[in-house]
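Summary of structural features
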Amino acid sequence: MKSSSNSESTEVENHVSLCPFCRIVAGEAKAEIIYEGVSSIAFLDINPINFGHALVVSKGHFSDFSELSDDVLCDIVSSLKIVSRAIIDSLHPAGFNIFNNNGLAAGQSVFHFHFHVAPRYNGDGLKIRTQLKVYESPEQMAEYAKMIRGKIEVNDKSGERK
Ligand SMILES: [Zn+2]
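Residues numbered from 1 in each chain as written. Predicted model: local features only at pLDDT ≥ 70, side-chain atom pairs only at ≥ 80, totals over all residues.

1. Comments concerning the confidence of the model for the protein chain
For any part of a model where pLDDT is low, the fine detail of the predicted coordinates should not be relied upon. This is how it is decided: pLDDT measures the predictor's confidence residue by residue and takes values from 0 up to 100. C-beta atoms are first placed from the backbone for all residues, and any pair lying within 7 Å is then listed as a contact.
Averaged over all residues, the pLDDT of the protein chain is 89; the fraction at 70 or higher stands at 86%. Here residues 1-6 scores under 50 on pLDDT; set against residues more than four positions off or in separate chains, the count is zero contacts.

2. Looking at the nonpolar core
To keep it simple, the criterion reads: Put simply, a nonpolar core is a cluster of buried Ala, Val, Leu, Ile, Met, Phe, Trp, Tyr and Cys residues tied together by C-beta atoms within 7 Å. Residues with at least 20 other C-beta atoms within 10 Å of their own are called buried, those with 12 or fewer are called exposed, and the rest are partly exposed. The C-beta atoms themselves are positioned from the backbone. Working definition: helices are DSSP H or I runs of at least four residues, strands are E runs of at least two. Numbering for both runs from the N terminus.
One finds Ala42, Phe43, Ala54, Val56, Val83 and Val117 to be the most contacted residues of the largest nonpolar core, which totals 20 residues. Listed by contribution, the elements that provide at least two residues to this core are helix 2 (20-25), strand 2 (40-44), strand 3 (54-58), helix 3 (70-91) and strand 5 (114-120).

3. Quick word on the pairing of strand 2
What counts, and what does not: Two strands make a pair as long as DSSP finds a minimum of two bridges between them.
With respect to burial, strand 2 is a largely interior element, four of its five residues being buried. Linking two consecutive strands that pair antiparallel, namely strand 1 (residues 33-36) and strand 2, is a turn of three residues. Both strand 2 and strand 3 contribute to a ladder of five bridges, which runs antiparallel. Along strand 3, the bridge assignment pairs alanine 42 with valine 56.

4. Focus on the sheet that holds strand 5
Quick reminder of the rule: Here an angle of 0 to 180 degrees is reported between the N-to-C directions of two axes, which are lines fitted to C-alpha atoms, with helices fitted over the stretch in contact.
A sheet is described by the order of its strands in space; here five strands give the open sequence 1-2-3-5-4, paired in antiparallel fashion. Every other strand in the sheet has two partners, leaving strand 1 and strand 4 (95-99) as the edge strands with one partner each. Direction aside, the axes of adjacent strands within the sheet are offset by 15° on average.

5. Quick look at helix 3
This is how it is decided: Multiplying 1.5 Å by the residue count of a helix minus one yields the expected span of that helix. Throughout, the arc means the angular range of directions from the helix axis out to the C-beta atoms.
Between its first and last C-alpha atoms helix 3 spans 31 Å; for 22 residues at 1.5 Å apiece the expected length is 32 Å, and the two agree. Turning to helix 3, its buried residues number three or more, namely Ile76, Ser79, Leu80, Val83 and Ile87. All buried residues of helix 3 fall inside an arc of 115° around its axis, so they share one side. Residues Asp70, Asp71, Arg85 and Asp89 are exposed on helix 3 and point more than 90 degrees away from its buried face. Next to the buried residues of helix 3 lie strand 1, strand 2, strand 3, strand 4 and strand 5. Looking at the residues trailing helix 3, positive phi occurs at histidine 92, about 50°.

Next up, the structure:
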């Protein structure tokens, strides 16, 4: 029993020492913090799409969106709204993007959950290139919907995995 609690605390310490966002939450790394919620904290991205680009991160270490608990997610979304409105009211961008990357293939670079809030301006140079796919048939599309619906029915209403 004792060794298991030791290894748990070592695991937590490793997260804090290795994860850049855990280090910011712990006050061990500097960041331009703009807001702090109960379970979330917001600070400026050091490589912004445009100046004022902020990150809203969970205080606890969750690797991606699918790992978040509902109460943490609610606090993050509330912080996201507060930070977005403050960016709009202070910087007056022409628009803004809220996005989140999960996994290397999706462009995630820090494996501690975070939302981006990026102010946008006409002609600011950011282009998202997409190659949209086309379903071969309504049946193929229905098959994808069936696979996903099947897991929604298996998981409980809060989206927790079973
Ligand atoms: Zn972390």
